[in-house]
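# A closer look at the structure
So you can see what is in the structure, the chains are spelled out below.
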Amino acid sequence: MPPKKQGGGKAGPELPEGEDPALLISNYQKYTKVIGIAVNTGVARALTPPEEEPDKPMDQILIDDEFGPLGPGGTRALMTAVMGSGPGMKGGPYKKLKSIRLWRCHCGDDGAAAIAEVLRLGGADVAITYLELLDNNIGSRGCNALGQALSFGNNVSLLTLKLDYNVQLGTDGCNMLCRGLRTNMALKQLHLQFCSLDAEAGKHLADLLANTRSNLDTLNIAGNRLGGRGLQALCAGLMVNRKLETLVLADNMIDHEEEDLLGLRAFRDCLLNPNSALTSVDLMYNRIGAAGAEILIEAMTPESKIKEFLVDLTLPMDLFEKLFKKGGGKKGGKKGKGGKKGKKK
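Just so it is clear, the structure is predicted and the values come from calculations on it, not from any experiment. Along each chain, residues carry numbers from 1 onward, in the same order as the chain's sequence is written. pLDDT decides what is reported in this predicted model: residues at 70 or higher carry local features, side-chain atom pairs at 80 or more are listed and counted, and totals for whole chains, interfaces and linings draw on all residues regardless. To obtain the side-chain values, all non-hydrogen atoms of the structure were used and water was disregarded.

Attention now goes to the overall build of the protein. In this text, helices come from DSSP runs of H or I with a minimum length of four residues, and strands from runs of E with a minimum of two, each type numbered from the N-terminal end. Each helix and strand in the protein was counted, giving 11 helices and nine strands. Referenced to the eigenvectors of the C-alpha coordinate spread, the extents of the protein come out at roughly 70 × 55 × 35 Å. Three exposure classes are used, based on accessible area relative to the maximum for each residue type with a 1.4 Å probe and protein chains only: buried under 20%, partly exposed in between, and exposed over 50%. Taken over 345 residues, the protein has a buried fraction of 50%. Here a residue-residue contact requires only that any non-hydrogen atoms of the pair lie within 4.5 Å. A separation of at least 24 residues holds for 78% of the contacts in the protein among residues at least 6 apart in sequence. Summing over all exposed atoms, the protein offers an accessible surface of approximately 16,500 Å²; the carbon and sulfur share of this is 51%. Positive charge is attributed to Lys and Arg, negative charge to Asp and Glu, and no charge count is given to His or to the chain ends. All charge positions are set by atom: Lys at NZ, Arg at CZ, Asp at CG, Glu at CD. Charge centroids of the protein, computed over 44 positive and 40 negative side chains, lie 7 Å from each other. We get accessible surface area from the Shrake-Rupley algorithm with a probe of 1.4 Å; when it comes to residues, only the shown protein chains can shield them.

In structure tokens, the structure reads:
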């Protein structure tokens, strides 16, 4: 019989193969028994349509640690269910799935490898476009699996990859990931905030940006430790890149020592490059000082494509006003021409 809608009573319409979330939940529960782990209540909740929208297509998996961590075994059980490839599973691959968001689920490297298998083998059946694995204890081995799954000839659907707050990832993990991503032509956004990247990571990211196959338009590496040396290394890729539009370098220990100033000079040259596509830069929480600001101001020419350039108020106010731009190219705190105050309600 076809599955019944929540609330009991009449049977709902039979869903096409690969589109029934109830079968996905059932397949997940079956596989937890096979590998001998407990069912995580959060999985069923994430895949059950809300009562007020019973016909809502379930195209996203969003799970956090509210009901305990999913863990590497639970992640594998869920991904096996998504592919419909476990023993006794029905319905085949779950074709509606577009987004996977796992927060603090303790997936680890083994869980990341399971997700990588879905990216690699899902093809047109399971075309994931958005993957967010926040604070999941993913290190270099997990990054290697993800990088291989996203290399040329494998996945062509993923547009956004977020691996923020995986502090075990580090520069080695960045290297492993970038090796695969260098030949990826689909990914548009890469987020590696607070992932323990140091100066050496700048070279690996530069190699990614320098590859003509790359179509990244957003790179967010806030909250790391690139420093001036890492920024200078990154600029080797930025100088030849023609597609990156948004670069977030906030809180990266870029200071105003000589090594930092060398990196800022290299970055200024990238900004002055007429072939650069950069329109938005975030350098907040980097103490670049007056010397660093003076270097970057040289790039704020009338021909500049930069619409947004964020620096913080530790700079002398006159330099801050010359450098800071907030969305649309307007200076912070100033109204556009003809702007009127709105009436108080």
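Glancing now at the layout of surface pockets. Of the two site types, the cavity is a set of points on a 1 Å grid over the protein atoms alone where a 1.4 Å probe fits but cannot get out, and the pocket is an open set with protein on both sides within 12 Å along at least five of seven lines, each lined by residues with an atom within 4 Å of a point. Grid points are joined across faces, edges and corners, and a volume is the space filled by probe spheres set on the points. Estimated volume of the second largest pocket: approximately 300 Å³. Around the second largest pocket, the lining comprises 15 residues; the ones closest to its centre are Arg45, Ala46, Met58, Gln60 and Leu62. Contributing elements (two or more residues each) for the lining of the second largest pocket: helix H2 (41-47) and strand E1 (60-63). Residue polarity is assigned by list, with Asp, Glu, Lys and Arg as charged and Ala, Val, Leu, Ile, Met, Phe, Trp, Tyr, Cys and Pro as nonpolar; anything else, Gly included, falls into the polar class. Tallied by class, residues from the lining of the second largest pocket come to seven nonpolar, three polar and five charged.

Time to look at the nonpolar core. Counting residues in hydrophobic clusters, the biggest one holds 98 residues, and the most contacted among them are Leu192 and Phe267. If we skip the residues at most four places from it in the chain, Phe267 touches Leu231, Cys235, Leu238, Leu247, Leu249, Leu278, Val281, Leu283 and Leu296. In these notes, a set of buried Ala, Val, Leu, Ile, Met, Phe, Trp, Tyr and Cys residues joined through side-chain atoms within 4.5 Å is what counts as a nonpolar core.

For the rest of this paragraph, the subject is the packing of helix H1 (residues 21-35) against helix H3 (residues 71-83). Comment: axis = line fitted to C-alpha atoms, over the contacting stretch for helices; angle = value between 0 and 180 degrees taken between N-to-C directions. At their nearest, the axes of H1 and H3 sit 8 Å apart, and the two run at 135° to each other. Between H1 and H3, the angle is such that the two are oblique. For the crossing formed where H1 meets H3, the hand is right-handed. Every residue of H3 that contacts H1 at Leu24, Asn27, Tyr28, Tyr31, Thr32 and Ile35 is listed here: Gly73, Gly74, Arg76, Ala77, Leu78, Thr80, Ala81 and Val82. In terms of residue class, the contact of H1 with H3 is built from eight nonpolar, five polar and one charged. For classification, angles of less than 35 degrees are called roughly parallel, those exceeding 145 degrees roughly antiparallel, those between 65 and 115 degrees roughly perpendicular, and all remaining angles oblique. By definition, any crossing whose near helix is turned counterclockwise from its far helix by less than a right angle is left-handed, and any crossing with a clockwise turn is right-handed.

This part covers the packing of aromatic side chains. To describe a pair of aromatic rings, one takes the distance between the centres and the angle between the planes. What counts as a ring pair is set by centres within 6.5 Å for rings of Phe, Tyr and Trp (its six-membered ring), and what kind of pair is set by the plane angle: stacked under 30 degrees, edge-to-face over 60, tilted for all other angles. The final tally for this structure, using the stated rule, is two aromatic pairs. Measuring from centroid to centroid gives 4.8 Å for Phe320 and Phe324, while their planes differ by 25°, and the two rings are stacked. Take Phe320 and Phe324: they sit in the same class, and that class is buried.

What follows is about the pairing of strand E3 (residues 130-134). Buried residues dominate E3, accounting for four of its five residues. One ladder, built from five bridges, connects strand E2 (residues 99-103) with E3; its direction is parallel. Its bridge partner lying in E3, Leu102 is registered against Leu133. When the strands point away from the viewer, a crossover counts as right-handed if the path from the first strand over the helix to the second runs clockwise. Remark: the E2/helix H4 (residues 108-121)/E3 crossover connection has right-handed handedness. In this fold, the crossover linking E3 to strand E4 (residues 160-162) by way of helix H5 (residues 140-149) has right-handed handedness. We treat two strands as partners when DSSP finds at least two bridges between them.

Moving on: empty space enclosed by the protein. Under the defined criterion, the tally for this structure stands at three cavities of 30 Å³ or more. Computed from the structure, the largest cavity encloses a volume of approximately 60 Å³. Gly18, Glu19, Asp20, Leu23, Leu24, Asn27, Ala81, Lys90, Gly91, Gly92, Pro93 and Tyr94 are the residues that line the largest cavity. The element best represented in the lining of the largest cavity is H1, accounting for three residues.

The subject of this paragraph is the side chain of Asn136. With respect to the element layout, Asn136 can be found in the loop between E3 and H5. Here a polar contact is taken to be a pair of N or O atoms separated by no more than 3.5 Å, where protein atoms must pair a possible hydrogen donor with a possible acceptor and residues adjacent in sequence count only if both atoms sit in side chains. Here Leu102 takes part through its backbone oxygen, which lies 2.8 Å from a polar atom of the side chain of Asn136. A polar side-chain atom of Asn136 sits 2.9 Å from the main-chain amide nitrogen of Cys105. When near neighbours in sequence (up to four residues on either side) are disregarded, Asn136 contacts Leu102, Trp103, Arg104, Cys105, His106, Cys107, Gly108 and Asn166.

Further remarks concern the sheet that holds strand E5 (residues 189-191). Ordered in space as E1-E2-E3-E4-E5-E6-E7-E8-E9, the nine strands form an open sheet in which the pairing is parallel. The sheet is open, and its two borders are formed by E1 and strand E9 (308-310), each paired with just one other strand. Between one strand axis and the next, the sheet turns by 5° as a mean value, whatever way the strands run. Pairing geometry for E5 and strand E6 (residues 218-220), over three bridges, is parallel. Along E6, the bridge assignment pairs His191 with Asn220.

Our focus in this paragraph is unusual backbone geometry. Trans is the prevailing form of peptide bonds, just as negative phi is the prevailing case for residues other than glycine. Residues other than glycine seldom take positive phi values, yet His106 does so here, at roughly 55°. For His106, the position within the fold is in the loop between E2 and H4. A positive phi angle, near 50°, is found at Phe194, a position not held by glycine. With respect to the helices and strands, Phe194 occurs in the loop between E5 and helix H7 (201-210).

Everything listed is a geometric property; what it means functionally is a separate question.
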